Amino acid sequence: MTTTPASSDVADLSLAGEGDRLISWAAREMPVLRLIRERFEREKPLRGLRLGACLHVTSETANLAITLRAGGADVRLCASNPLSTQDAVAAALTADHGIPTFAVRGEDSVRYFEHVNAVLDHRPHLTMDDGADLVAELHKSRSELIPEVLAGTEETTTGVIRLRAMAAAGALRFPIVAVNEAMTKHMFDNRYGTGQSTLDGLIRATNVLIAGKTVVVCGYGWCGRGLALRAAGLGAHVVVTEVNPVRALEAVMDGYRVMPLIEAAPQADFVVTVTGDINVVDRHHFEAMKDGCIVANSGHFNDEINLAALDEMSTGVDQPRPSVEAYRLRDGRTLHVLAQGRLVNLAAAEGHPAAVMDMSFANQALCAEYVARHHEELEPRVYDVPLDIDGEVAALKLRAMGVGIDTLTEEQRRYLASWESGTS
Ligand code: ADE
């Protein structure tokens, strides 16, 4: 199937062959999504639905989009970040899979939002977001389309925070399932995915040895836990900064040093943000950093590092390597920022490996099916992923990995449901 280039916007359609090879390579590690696709092909649970998706356009996302299409959805896709698009994959989706894609790596903000609007022009019944730009734009600028929207899903922590704020303000006008909240999503994608892909991004961007370096991890949510674990595994001295006392305590007991960022900054070789918040690394932190420090963000938006302040402190910016910007400060120090403060794991590497995206996107596909079936019972608020979907994804993943587990005996089932027997 071929769609005309006019109904899409990708960098170069002639890259489609390369994109198809990348999509097939990722598919080898996505057995759960494959099983779902096979069932979707038979049952067509999304038949007749227009689905607008704003996701990182990667080979893993391509496998999700193809699954949704197999389920009968009419899918349109745009990027959820200007720097995360794999141009070859965007070409393949458009040219070979009947999924008009609007995504060009390196697009500016104007083109980025033109692409979001091109997906909204599709008048989606279902939305699928990673960061909530699609839903926010729909509510802010295209609200005439809302009556046709049945429901949506959201992939990431930052997007869920944003959507909950919308719901709390009474602004959200259709139900959203927070895929991020599935255990089979955040315990694996956020932890092992972000852990590995962020280190991958730091290393590809800089080729700096991690062993012996001090890596400051800002934020000890699931992403921060994974990043700290993998940095320590490569021999870094890991320092964690937090605002939440429970998480800070957990980081202490996991064996890391915990302190305010202003104390950590002078020791840091790397500072990496994974918080979902704004200006986590601010002017006074830059002032405290040592010469050569490398600063990166692996949270969803490029707000976590105050680059405007760094710009004001600088006399100029050099580009020593493709994803590295070297800010020359007035006092003679140089500070390095990776991937313009955008999520370093997707901008300087390829995002999470397919084996974890398999579970995240299995949740997405099953939640799309769930909202297609149940939207009439749902209110305009943010819902957790139904527990049986979480359980199904875990069971399918274990089966695909060839891992068997025990089952409760009848006696154990009765025991767990009783209260009479205690100390014997
Ligand atoms: N988010 C993080 N890694 C990703 C990937 N490989 N594909 C899509 N979204 C992602």
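Residue positions are counted from 1 within each chain, in the order its sequence is given. In keeping with the predicted nature of the model, local features appear solely for residues at pLDDT of at least 70, side-chain atom pairs appear and are counted solely at 80 or more, and the whole-chain, interface and lining totals rest on all residues. Note: side-chain values were computed over all heavy atoms of the structure, leaving out hydrogens and water.

### Examining the overall build of the protein chain
The numbering of helices and of strands both runs from the N terminus, where a helix is a DSSP run of H or I of at least 4 residues and a strand a run of E of at least 2. Helix and strand counts for the protein chain stand at 17 helices and 16 strands. In terms of overall dimensions, the protein chain is globule-like: its C-alpha atoms have a radius of gyration of 22 Å, near the 22 Å expected for 424 residues. In this tally Asp and Glu are treated as negative and Lys and Arg as positive; neither His nor the chain ends contributes. To locate a charge, take NZ of a lysine, CZ of an arginine, CG of an aspartate or CD of a glutamate. With 40 positive and 57 negative side-chain charges, the protein chain shows a separation of 2 Å between the mean positions of the two kinds. The globule rule used for comparison is 2.2 Å times the number of residues to the exponent 0.38, while the radius of gyration itself is calculated over C-alpha atoms.

### Quick look at the layout of surface pockets
Note on definitions: the grid is 1 Å and covers protein atoms alone; a cavity is a set of points where a 1.4 Å probe fits but cannot get out; a pocket is an open set with protein on both sides within 12 Å along at least five of seven lines; lining residues have an atom within 4 Å of a point. Grid points are joined across faces, edges and corners, and a volume is the space filled by probe spheres set on the points. Computed from the structure, the second largest pocket encloses a volume of approximately 290 Å³. For the second largest pocket, the lining is made up of 17 residues, of which Trp25, Glu60, Glu350, Pro353 and Ala354 are closest to its centre. Put simply, the parts of the chain that give the lining of the second largest pocket at least two residues each are α1 (16-27), α3 (59-70), α8 (183-206) and α15 (354-374). At four residues, α8 tops the list of elements feeding residues into the lining of the second largest pocket.

### Examining the site of the ligand
Looking at the ligand, the residues that line it are His56, Thr58, Glu60, Thr61, Leu346, Glu350, Gly351, His352, Met357 and Phe361. Distance and chemistry together define a polar contact, namely a pair of N or O atoms within 3.5 Å, with one atom able to donate a hydrogen and the other to accept it when in protein, and with adjacent residues in sequence counting only for side-chain atoms on both sides. In this structure, His352 approaches the ligand through a main-chain N or O atom, which is 2.8 Å from a nitrogen atom. Protein burial of the ligand: of its 260 Å² of free accessible surface, 95% is covered by the chains. Looking at the shell around the ligand, the elements with two or more residues in it are α3 and α15. Throughout, the term near means that a residue has one or more heavy atoms lying within 4 Å of the molecule or strand in question. Here the Shrake-Rupley method, with its probe set to 1.4 Å, supplies the accessible areas, and only the displayed protein chains count as covering residues.

### Quick notes on the packing of aromatic side chains
Classification of ring pairs rests on two measures: the distance between centres of Phe, Tyr or Trp rings, Trp counted by its six-membered ring, which must be within 6.5 Å, and the angle between planes, read as stacked under 30 degrees, edge-to-face over 60 and tilted in between. Applying the stated rule across the entire model yields three aromatic pairs. Each ring, one from Tyr112 and one from Phe113, has its centre 5.0 Å from the other, and the planes form 90 degrees; the classification is edge-to-face. Summary of the burial criterion: residues with accessible area below 20% of their type's maximum are buried, those above 50% are exposed, and those between are partly exposed, where the area comes from a 1.4 Å probe applied to protein chains only. Under the relative-accessibility criterion, Tyr112 is labelled buried at 4%. Given a relative accessible area of 31%, Phe113 falls into the partly exposed group. Centroid distance Tyr220 to Tyr256: 6.0 Å. Interplanar angle 70 degrees. Geometry classified as edge-to-face. Pair noted here: Tyr220 is in the loop between β8 (214-218) and α9 (222-233) and Tyr256 is in the loop between α10 (245-253) and β10 (257-258), with a separation of 36 residues, a long-range link. Here the two residues Tyr220 and Tyr256 agree in accessibility, since each one is buried. Placement of a positive charge over a ring is assigned whenever Lys NZ or Arg CZ falls within 6 Å of the ring centre and within 35 degrees of the normal to the ring plane. Cation over ring: Arg28 sits above Trp25, and NZ or CZ is 4.3 Å from the ring centre. Across the ring face of Tyr383, the terminal group of Arg381 is positioned such that the distance to the ring centre comes to 4.2 Å.

### So, the nonpolar core
Core analysis: the biggest nonpolar cluster contains 55 residues, and Leu46, Leu51, Val57, Leu64, Leu68, Leu93 and Met128 have the highest contact counts within it. Here this core gets eleven residues from one element, more than from any other, and that element is α15. With residues up to four places along the chain from it excluded, the contact list for Leu93 reads Val57, Ala62, Ala65, Ile66, Leu77, Gly98, Ile99 and Thr101. Ala205, Val215, Ala231 and Ile294 belong to the second-largest nonpolar core, a separate cluster that totals 25 residues. Nonpolar cores were defined as sets of buried Ala, Val, Leu, Ile, Met, Phe, Trp, Tyr and Cys residues, with membership established by side-chain atoms within 4.5 Å. In what follows, a contact means two residues having at least one pair of non-hydrogen atoms within 4.5 Å.

### Let's talk about the sheet that holds strand β12 (residues 294-297)
Two pairing modes exist for strands in a sheet, parallel and antiparallel, and in both the strands are linked by backbone hydrogen bonds. Sheet architecture is open: eight strands sit in the order β10-β9-β8-β11-β12-β15-β14-β13, paired in mixed fashion. The sheet terminates laterally at β10 and β13 (314-321), the two strands that pair on one side only. Where β12 and strand β15 (residues 334-338) come together, two bridges link them in parallel fashion. Counterpart to Ile294 in the pairing with β15 is His336. Where α9 meets the sheet, its contacts fall on β8, β9 (237-241) and β11 (270-273), and the angle it forms with β8 comes to roughly 170 degrees. Strand pairing follows a simple DSSP-based rule, namely that at least 2 bridges must link the two strands. Every axis in this analysis is a line fitted to C-alpha atoms, fitted for helices over the stretch in contact. Angles between the N-to-C directions lie between 0 and 180 degrees.

### Let's talk about the pairing of strand β5 (residues 126-129)
The side-chain alternation of β5 yields two buried faces, one formed by Leu126 and Met128 and the other by Thr127 and Asp129. Two strands pair when backbone bridges link them, and strand β2 (residues 50-55) and β5 are joined in this way by four bridges, in the parallel orientation. When the sheet's bridge partners are listed, Cys54 is paired in β5 with Asp129. A clockwise course of the path from the first strand over the helix to the second, judged with the strands pointing away from the viewer, identifies a crossover as right-handed. Since β5 and strand β6 (residues 151-154) lie parallel, the crossover through helix α6 (residues 133-141) that links them has a hand, and here it is right-handed.

Just geometry here; none of it tells us what the structure is for.
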